[in-house]
Each structure stands twice: as C-alpha cells, then as structure tokens.
Amino acid sequence: MRSSKITQLLLALCFLPLALCLTKRTALVKIQNNTPDTITGISVSHKYSDVYKNQGDWGSIAPGTTTPGTMTVEYNTGAFTTGRDWWMVTYHRKQPGSERPNELKMWFSDPENFRNIIDFLEKAAPSLIKTAINVAKGSNPAAIPAAKAAQIVSKVMCKLMFNDESTAGFKQHILRSEDEKVVTTIVINKDDTITFKNKSGNSETVTSTKWVAAEHA
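Below is a short write-up of the structure. (Residues numbered from 1 in each chain as written. Predicted model: local features only at pLDDT ≥ 70, side-chain atom pairs only at ≥ 80, totals over all residues. Heavy atoms only, no water.)

Some words on the side chain of Arg-25
This is how it is decided: Only DSSP runs of H or I reaching four residues or more are called helices, and only runs of E reaching two or more are called strands; each is numbered from the N terminus. Polar contact is the term for a pair of N or O atoms within 3.5 Å; when the atoms are in protein, one must be able to donate a hydrogen and the other to accept it, and sequence-neighboring residues count only if both atoms are side-chain atoms.
Mapping Arg-25 onto the fold places it in strand E1 (residues 23-33). Among the polar contacts made by the side chain of Arg-25, one reaches the side chain of Glu-180 at a distance of 2.6 Å.

Considering the pairing of strand E10 (residues 194-198)
To be explicit about the condition: The buried label goes to any residue with under 20% of its type's maximum accessible area, the exposed label to any with over 50%, and the partly exposed label to all in between, with areas taken from a 1.4 Å probe on protein chains only. What makes two strands pair is DSSP finding at least two bridges between them.
Most of E10 is tucked away, with 4 of its 5 residues classed as buried. Pairing of strand E9 (residues 183-188) with E10 involves 4 bridges; the strand directions are antiparallel. When the bridges of E10 are listed, Thr-185 appears paired with Lys-197. Taking the residues between adjacent antiparallel strands as the criterion, E9 and E10 are bridged by 5 residues, where Asp-192 takes a positive phi near 70 degrees.

Some points on the packing of aromatic side chains
Where two aromatic rings form a pair, the distance of their centres and the angle of their planes describe that pair. The criterion, for reference: To pair, rings of Phe, Tyr and Trp, with the six-membered ring standing in for Trp, must have centres within 6.5 Å; the planes then decide the type, stacked if under 30 degrees apart, edge-to-face if over 60, and tilted in the middle. Two conditions define a charge located above a ring, namely a distance within 6 Å from the ring centre to NZ of Lys or CZ of Arg, and an angle within 35 degrees of the ring normal.
Taken as a whole and judged by the stated rule, the model has 3 aromatic pairs. When the ring of Trp-87 is compared with that of Phe-196, the centres are 5.7 Å apart and the planes differ by 50 degrees; the resulting orientation is tilted. Separated by 109 residues along the polypeptide, Trp-87 in strand E5 (residues 85-94) and Phe-196 in strand E10 bring together distant segments of the chain. An identical accessibility class is assigned to Trp-87 and Phe-196; each is buried. Arranged with centres 5.8 Å apart and planes meeting at 5 degrees, the rings of Tyr-91 and Trp-107 form a pair that is stacked. Highlighted residues: Tyr-91 in strand E5 and Trp-107 in strand E7 (residues 103-109), separated in sequence by 16 residues. Given a relative accessible area of 4%, Trp-107 falls into the buried group. Positioned above the aromatic ring of Trp-211 is the side chain of Arg-100, whose terminal nitrogen or guanidinium carbon lies 3.7 Å from the ring centre.

That is the geometry; function is a separate question.
What follows is the structure, given as structure tokens:
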C-alpha cells in the first residue's frame, strides 16, 4: 500500500512541471465598425481548439464606432500548450441592396472561401432561423424590424458553426500572454475585410456573403 502511494506521488511530481508551464488566461474582445454603414446583428465565435468556446453578440454598431461592451474569451499559454485560437464573425451591413422581401444579405468571415460553410448553413440554418424569428415575434403576428431579424440570423449562423467541432472556415488569430485582460479589436473594414488587432500582433481575413431567408419589416 505504501509503495502504491509513493508511485502516485512520483507520477504527480513528474507532471508538475507540465502543469506549471500551462496557464489559463482571458482576453477581452470588441468590434470596430470602419465602414460608412450601420452594422447590425454582429456575432463572434471563438474556439481555443476543443478546450474553450466563447460567443458574443451585439445589436447595432454605428459607422466609425466600437461596441460599448466587450466579450470575454478563454485561452491557454505556456511551453507545452498545443491549442490555437480560431474565430468566426457574422454580420449584416445596412446598405442599399442588402435587404429584399423576406431575405437579408449576411456577411461572414471566410478565410479560405470554403464552399462547405455555405452548404453547412443551407442545410441547418433555415429552419432554426425561422423558429428563432417566430419566438422573437411571440404572439404578435407583425414582422420584426430588419435590424432585429439580422441579429437573430447572425446569432443562429454563428452558433451553428460554434457548435460544430470543425474549425474549417474559422480564422486563426493567436492570443498570447501579453494579450491577457486587454482588448483585442476586431475591425470591420470598408471593403469588408476583417482585421484582428491586439498587443501581440495583427492578422486579416476576407469575407463572403449569403442571402438568408428571414421575415422582416
């Protein structure tokens, strides 16, 4: 019995350096709208490999402004960490031609222009979006405003990708120790590219668009 306890202690001591070299950290995230249009219904999904998952949603961001609040994301750093930070952003840009009867044009980050993202959304999103909009309407049969519909659509799209275990279509932007407890800014640029900015560095990705069925006023 004593021998068994000694063995367990030795094993614990062997793994102690590994534990000391791995630190869980948190960072803050906000969105900056550098387009000339109001952005509505913006959602952000963050995955740190399969260890942590975080999602944030905002209603409306005026041109040239940032979100009043931040979301918190979790990640690890250290010599023995193997995880990576993966991001997805979805939003609706309120501009001429971005709305039509019962449809909204949605933008989503798409670093590799993966067709399988669109295929994935086309299979699962329509019924979930319809259900979510009906819930938002409640007992009122009137159509909801386009901005509210865009917020629902964006949240559903992002959550579908968030729940999927794959990181295909997600943008990799690594958080490091110096990014802890400070703001990482996700900038929506005029040309609909997206720039991730934080203390440890910047990275950029492109977007794709998709018309999504959504009843709106």
